[in-house]
Structure formats: C-alpha cells, structure tokens
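# Summary of structural features
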Amino acid sequence: MVENYSSFIQEFRNWESAWVLEALCVIAHEIRILAERADKELASIGKTPEKLKGAGSFLMKVFGVLAGKGPKRVGALYVTCQLFKIYFKLGTVHLCRSVIRSIETARIFDFEEFPVRDKVTYMYYTGCLEVYNENFPAADHKLSYALTLVYNENFPAAEHKLSYALTYCSPLKEANISHQLLLELSFYAIEKLKCSLEGSEIGEGLIVIYVLMYNNVVLALKRGDLRLLRHALEEHEDRFLRSGVYLVLEKLELQVYQRLIKKIDIIQKQQDPNKAHQIKLEIIVKALKWLEMDMDVDEVECIVSILIYKNLMKGDYSALTDAQDTEEVIKLG
Amino acid sequence: MADRRGQRQRPMITKNYSSSSSTKSHKPLNPNSNTRIAHANKSATVNSGNEDNIDEHQDIPNLVGTCPFMCPVEERARRERLRDLAVFERLHGNPAKTSSTLAVKKFCRTISANNVQASDVRPVSVLEDTLNYVLNLLKSDCRFEVVHDFIFDRTRSIRQDLTMQNVTNDQAIHIYERMIKFHILSHHKLPKCGSPDTASICHLNMEQLTKALTSLFSLYEANRAPDSIYKDESEFHSYYVLLHLCSDNQSESLSLWFRRVPFVIMKSKEMCFARRILRFFRLGNYKQLIYTTEAEASYLQYCIIEPYISEIRALALSCVNYGGYKLQPYPLAHLSKLLMMQESDLESLCVDCGLQMSSDGTGKVLLSTKLTSTCNPKRGYQKYCEVVSERLERLAAEVSEL
C-alpha cells in the first residue's frame, strides 16, 4: 500500500496547485493509524513492530514534498503533527527537532496562516517538548497559545487536547508566577474547562481526572502544606511521571516552604505585634513536625538560606553560636 | 533473522549462564519466547548505533566468533612485528614479544564489514574470560592512568565483539554491568591522578560510560519479562539519574527519560535514593544532599555524586554569605558540621571563594558580606568534594572485585 502512496506522492510533487491536499492529509492520517494497528498486531504475534517507524520515515518524505514554497505548504503542519504523534508514541522525540526547525525557520510562510486545528496540535506538542527540556518560559508561551486558541475557537473536538495542555500548563504557572496569581489562573482554567465541557460526558471524566490530579497540588501550595504536596505527588506519581511533569511539580517544594514561612509570620504578628518579622527556626521545625515532616533546625536553616539566596524571601538569618542563649532567627526584610 | 539468532544464542545461554552469573538475578530465561527475541532484534539496532557506529555489522548474518584467545593470532603477530604492545602485553618486558595469555585484542575503529572473519571475533565465553583478565589488572601496582588506558581500550573492543555477534543475552548484560562499574570507578579515581591531560581522559571515560549505560538499558529492555527485573537493574538506573543531576541541554532530559523507565524500577530503593538526591540537588538542599549521601549511597553511587559535592558546598557558602545576619558572623565549626568537611578544608574553600573570615575568641567565623558574586560555584574545587565519613571509607576499602 505504501507503494501506491509513494507513486501518489510522486505525482503530487509534480503538480503546481494543491487541490489534492485534503486527500493527502487523509492519507497521512490513515497511514499512521494503520501502522499503529499493524504494530499492535505484529507485537501480539511476536514479531518486531516496525510499521510505525516505517510510517514515520514515509511521512517525513511527504513532509519534504510539502515543506517547500507555494500553496502546498498549508498542509505541512498537518503532516508535522502526524509525525509528532508517531515520534511521541515511539519515544523518539529527538526526531521532532529537524521538523520543528524546518517549520520555525521558514520565513516564506506565516505560522498564523496554518489551519487552527494544526496550530493547536503543533503548539501543544512543541510545548510538551519544552517542558521536557525544562525551558519553562517557552513552554508556558506555547501551551498558553494552544489553550487560548482552543478557548477562542471553541471547537468541541479539542476538549481532549485542552485538558492535556492544562496538564502541562498549570504546573508551569505554579512554578513561575507568584502563587496568588497562579491560583487564580488554575481555578480560572478549571472553571473555563468546566464551562467549555458542560454537558459532555467525556468532558466530565476529564475534569474529574484533572481536578483530582492537581487539586491537592494547588491546595498544598496555597496552604504551605509540604505533606500534602508529597502525598499528591505520590498519589499520582505514575501518571505525573508518564506525562513528564513530575520533576516540574517537585520543584514547587520551595514555593511551599515560602508560603509556610509567610503564614507563620502572619500568625505570629497577630499574636504579638512586637515579634513581627522575626521567626525562630525552631518554630518552623515545630510547624513541619505538626505536618509530620521530620526536619531538624539545621535543615530548616538550609532551606531558609536557599529561599533568601533565590530571592523567594527577603531577610537574613543567624546561625546557632556556641553560646546557648542565642537562638536562630530569621529576620524578614 | 530474529529466529535464527534466537537459535544461535540458546546453546550459549545454557552453557555458560549458571557458571558466570554470581551477581545476577535468577530470572528464568525462556528460549521459546518469540516476543523476547523479537525485542532483541529491535534493541540490537539501537545498540549498534550507540556503539561506535559499527552498524554495518548488522548485515552480517549469524556471525559467531571462533577465536579461542583474548587476541586473534593474526593481530598478535602483526603487533609483535610493529612493536605495538601495551606494557601489560609484553613478555618479560620485551616490546616485541607477547603471548596468548598476555595479548588482548585492541579496539579498532574501522573494520570494514566484508573482511570480518569468524576467527577474528571472540565468542562470548572468551569475552568473559578476557574481561576477567583485564579487570584483574586493576590490582596491579601500575599507575592508575596507565591501567585505565589499557582497560578502557580493551573493554571497548569486547563491546565491539559483542555487538558484531548481536549478543543480547544475560551474559552480555553481566559483561556490560561490570564494564560500567569500571568506568564509574575510573570517573572517581582519574581526577585524583593529577596527570596533565586528566580533563580529556575523564571526558572520554564519561563518554564510554554513558554509551555503555545506554546499551545496557537496551539490553535490559530486550530481555524484559513481565513482572521481573534484573537484580542490579535499579542500581544501574540510579547511576543514570545521578549522572544527570545537572540538566544540560546536550542529552535527553530526565523528565523525558523517566517516562520510559518501568514504574517498578522508579519505585525501587536505589532509584528512590537517586531521585531524592536529584530533588536535594535541584532544590539546593545542601545539608540533606550531603547527609543522605553519607548515610545511604552505595560506593559507586557515591563515586558519581562526589564531584557534585564541591559544587553544592560552594553553593552553601554563597547562601550563608548572602543570607547570613550581618551583625552576627557565622561560626565555621557549625558550617563544617553541616557540610561534613574538616574545618581546615572549609577554611581554604572560603579563601578560594574569596570570603572573609575572622576569629571571635571561641572559634573562626565567617563574615557575611551580602555579595552574590564572591563565590563561583563551578566544578574546579576537586579537592573539596570528599565527605568525612567512616562508612564511605569502609565501602571504598571493600571495593576490590568488579
């Protein structure tokens, strides 16, 4: 069958206009689906599943035909997305790079002119790649772009993707933006999701999964509850690991400490205004112990010094000296 | 092709498996499993791509080596003639004379596929003996760089022979595991040798370490049976994590790698340790990183972590210097406890970082200056990475057999 398609591509290469583009896209899609099924079949009878890989190299040729100048280029992004799907499935995402380069360096064709459907998919996948490479600002940009498009266009088939984009997007927001803002964003995102999916059954399922996965993470961040963060990560560990966001979420730990110390400060100020902006490290140890997190003064001191060093907290701290009467305190600036 | 290879390997598995695998899991090997062999085929392709671009050997069907010696007769004669013999290969120190018990096949980058003969390739059992022999040289009194140079080359050649014959069985796994251990140990020892081109040797060693590790993971994957993992599989996965504590953009990121690692391995004791170290390192939790390493690391894990320790210590100094309360200087004794290093070493590290110290009567203290630029936490502080620990010293002493 691939041979048939190959000759079709040969012909297509020679045509000036792009009138069969739609048919070509259908072929690209079909070939991927077929290859996936064939692989499943092959694996079940104990043969090497290699059809999807073959489909990948075939589509790469198709991409080559489309990626040039002219009207055919509109279809290039569709084929790119099919390629992404293949590479993500095969775990060979490094192969995405050359395709991305070709899309992003081409000046002849404005990215905005591609069909919305393809733009969303493309931005979603490249956004995921940025997450893996820990390039968060770029990831945030790309995923937000995909999300906004989905909202604006409001097309129902993308619900699925929307929820997945959220999977990647919200931890980024959590990690980068001050958490007040992020909470609003997350809840806003959830609300939006609810609205846009209202009435649809699959949608409900997705919301439930999403809310379950992230609710506790967000809550932990809001409360400064380290134990909750650990539990939330552990509870959905497999899922977080598979989607590649685990390490990003783990980074939230510092923000949780930041929140906790701020809360202690607020409470202390209410009880005794004279003690404002001065926290004994011992108090933080106690708070953590109450959360069943066993940490000694030394470790808390270490955390505090990192928070100050990374500018997540203003102030300075002093360490225990040999003289017993001096206590370790942080002075918040 | 898959089936033929399966038939070829079966006798080898049954012949040598039990005698050679003291440290391996006793996962039953089912030679009739078609799936397993099919997988092996896939991974062999991945493998050869990694191993020095000898993928043209893929085309040679059913190559089974017949060379009974560590070095093919022809190569031995040639190198005697050319006086191309390593110190360890010379008979009575004669640079033009060797023997079948001394000469070991050299790694050769450009072997053209056509003229590989079965008599030039060593079968697995010979490869195992060869590995035993070369690793045994670690016990010799020779300078470590010299021994390393020899073993580095000859183990590479062993891997080449394995790849040429497409061996993916348990023996191959065990061979790879031992070679990786050697590279990790070297990663630890080489910087301390103080030879002038240490940096490049370390780099090459690291390169082979990463390559071999990637090949090993493909081998594990090729032999994957449901609900069982190899005894040391988790430990070797933990090495990978520890080698990638710093995220550089060169290699695949850990987030991506974690997606593929089986969940059982992710939850194993060794991986949990490595993942905790990763968390501490990325968070900057210097106290826990050092304490946890001291308390829990296996010796080889420690060998990988050690270079990072000087880095995290320099970070700790930066933090204290930046965040410490100005009117109350920071006692060095306390810091030396947190960082598990001798106070005298800490003092010289402070000096190297350009920090000011003074004495307050009870002991040395660090003066906080609130400057961020004083410290330069790069990996140049080799001498400041050792952790004061009896447990680790004991482990170091126990490491003899690879």
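Worth saying up front: this structure is predicted, and the values here are computed from it rather than measured.

When you go through chain A residue by residue, the secondary structure sums to 16 helices and 3 strands. A burial count over chain A gives 53% of its 333 residues as buried. In chain A, the proportion of contacts linking residues at least 24 apart, taken out of those at least 6 apart, comes to 59%.

Core analysis: the biggest nonpolar cluster contains 130 residues, and Ile284, Leu288 and Val304 of chain A together with Leu213, Trp257, Phe258 and Tyr286 of chain B have the highest contact counts within it. The greatest single-element share of this core, amounting to 15 residues, is contributed by helix H13 (residues 299-323) of chain B. Formed by 48 residues, the second largest nonpolar core is a distinct cluster that contains Ile86, Val93, Tyr124 and Tyr145 of chain A.

Here Glu237 of chain A lies in helix H12 (residues 237-243). Ignoring any residue separated from it by four or fewer positions in sequence, one finds Glu237 of chain A in contact with Tyr246 of chain A together with Phe263, Lys267 and Arg275 of chain B.

All names here are of chain B. Under the definition given, this model contains 14 aromatic pairs over all chains. Centre to centre, the rings of Phe88 and Phe150 are 5.0 Å apart; their planes meet at 45°, and the pair counts as tilted. Within this pair, whereas Phe88 is found in the loop between helix H3 (73-81) and helix H4 (124-136), its partner Phe150 is found in helix H5 (residues 144-164), the two being separated by 62 residues in sequence. Judged by its relative accessible area of 13%, Phe88 is buried. Exposure remark for Phe150: the relative accessible area of 4% places this residue in the buried category. Where Phe281 meets Tyr308, the ring centres are 5.2 Å apart and the plane angle is 65°; that geometry is what we call edge-to-face.

Residue and element names in this part refer to chain A. Helix H4 (residues 76-90) packs onto helix H3 (residues 51-66) with a crossing angle of 160° between their chain directions and a minimal axis gap of 9 Å. On the basis of the axis angle, H3 is roughly antiparallel to H4. Between H3 and H4 lies a crossing of left-handed hand. Contact residues: H3 offers Leu52, Lys53, Ala55, Gly56, Leu59, Met60, Val62, Phe63 and Leu66, while H4 offers Ala76, Val79, Thr80, Gln82, Leu83, Ile86, Tyr87, Lys89 and Leu90. Tallied by class, the residues present in the contact of H3 with H4 amount to 13 nonpolar, 3 polar and 2 charged.

The next point concerns the confidence of the model for chain A. All names here are of chain A. Per-residue confidence for chain A gives a mean pLDDT of 74, with 68% of residues at or over 70. Predicted confidence in chain A is weakest over helix H9 (residues 179-197), with a mean pLDDT of 46, and strongest over helix H11 (residues 226-235), with 91. Taken as a whole, residues 320-326 scores under 50 in pLDDT and shows 8 contacts with residues more than four places along the chain or in a different chain.

Once that is clear, we can look at the pattern of salt bridges. Taken as a whole, this structure holds 28 salt bridges over all chains when the rule is applied. Glu104 of chain A is the salt-bridge partner of Lys142 of chain A, the closest N and O atoms lying 3.6 Å from each other. Placement of the pair is Lys142 of chain A in helix H7 (residues 136-153) and Glu104 of chain A in helix H5 (residues 96-105), with a sequence separation of 38 residues. Here Lys142 of chain A falls in the buried class, since its relative accessible area comes to 11%. As a salt-bridge pair, Lys106 of chain B and Asp84 of chain B come within 3.0 Å of each other at their nearest N and O atoms. Linking Lys106 of chain B in the loop between H3 and H4 with Asp84 of chain B in the loop between H3 and H4, this pair joins segments that are 22 residues apart in sequence.

Okay, H3 of chain B next. Residue and element names in this part refer to chain B. Of the residues making up H3, those classed as buried are Glu75, Arg76, Arg79 and Glu80. Along the axis of H3, the buried residues cluster in a sector spanning 135°; they form a single face. Of the exposed residues in H3, those oriented more than 90 degrees away from the buried face are Glu74 and Arg81. Buried residues along H3 sit against H5. Following H3 by one or two positions, Arg83 has its phi on the positive side, about 55°.

Such a bond, covalent and formed between the sulfur atoms of two cysteines, is termed a disulfide. With the rule as written, the count across this model stands at 0 disulfides over all chains. A disulfide-free cysteine, Cys67 of chain B has its sulfur positioned 7.2 Å from the sulfur of Cys71 of chain B, the nearest such atom.

With that settled, the discussion passes to the side chain of Ser389 of chain B. Mapping Ser389 of chain B onto the fold places it in the loop between strand S3 (364-366) and helix H16 (390-398). At 3.3 Å, the side chain of Ser389 of chain B and the backbone nitrogen of Arg391 of chain B are in polar contact.

Bringing the environment of Cys128 of chain A into the picture now. Inspection of the secondary structure assignment puts Cys128 of chain A in helix H6 (residues 116-132). A relative accessible area of 1% places Cys128 of chain A in the buried class.

Attention now goes to a negative patch on the surface. Residues and elements named next belong to chain B. Judged by side-chain charge, Asp345, Glu386, Glu390 and Glu393 come together as a negatively charged surface patch. Mapping Glu393 onto the fold places it in helix H16. Accessibility expressed as a relative area gives 56% for Glu393, which makes it exposed.

Each value, and the rule that gives it
Residues numbered from 1 in each chain as written. Chains lettered and ligands numbered in written order. Predicted model: local features only at pLDDT ≥ 70, side-chain atom pairs only at ≥ 80, totals over all residues. Heavy atoms only, no water. Helix = DSSP H or I, 4+ residues; strand = E, 2+ residues; numbered from the N terminus. Buried < 20%, exposed > 50% of the residue type's maximum accessible area, 1.4 Å probe, protein only. Contact = heavy atoms within 4.5 Å. Core = buried A, V, L, I, M, F, W, Y, C linked by side-chain atoms within 4.5 Å. Phe/Tyr/Trp six-rings, centres within 6.5 Å; stacked < 30°, edge-to-face > 60°. Axes fitted to C-alpha atoms, helices over the stretch in contact; angles between N-to-C directions. Parallel < 35°, antiparallel > 145°, perpendicular 65-115°, else oblique. Left-handed = near helix turned anticlockwise from the far one by under 90°. Nonpolar A, V, L, I, M, F, W, Y, C, P; charged D, E, K, R; others polar. pLDDT = per-residue confidence, 0-100. Salt bridge = Lys/Arg side-chain N within 4 Å of Asp/Glu carboxyl O. Arc of directions from axis to C-beta. Disulfide = S-S within 2.5 Å. Polar contact = N/O pair within 3.5 Å; in protein donor to acceptor, adjacent residues only side chain to side chain. Patch = residues over 30% accessible without salt bridge, like charges linked within 9 Å, V, L, I, M, F, W, Y side chains within 5 Å. Areas by Shrake-Rupley, 256 points an atom, 1.4 Å probe, with all protein chains shown as cover. Lys, Arg positive; Asp, Glu negative; His and termini not counted. Charge placed at Lys NZ, Arg CZ, Asp CG, Glu CD.

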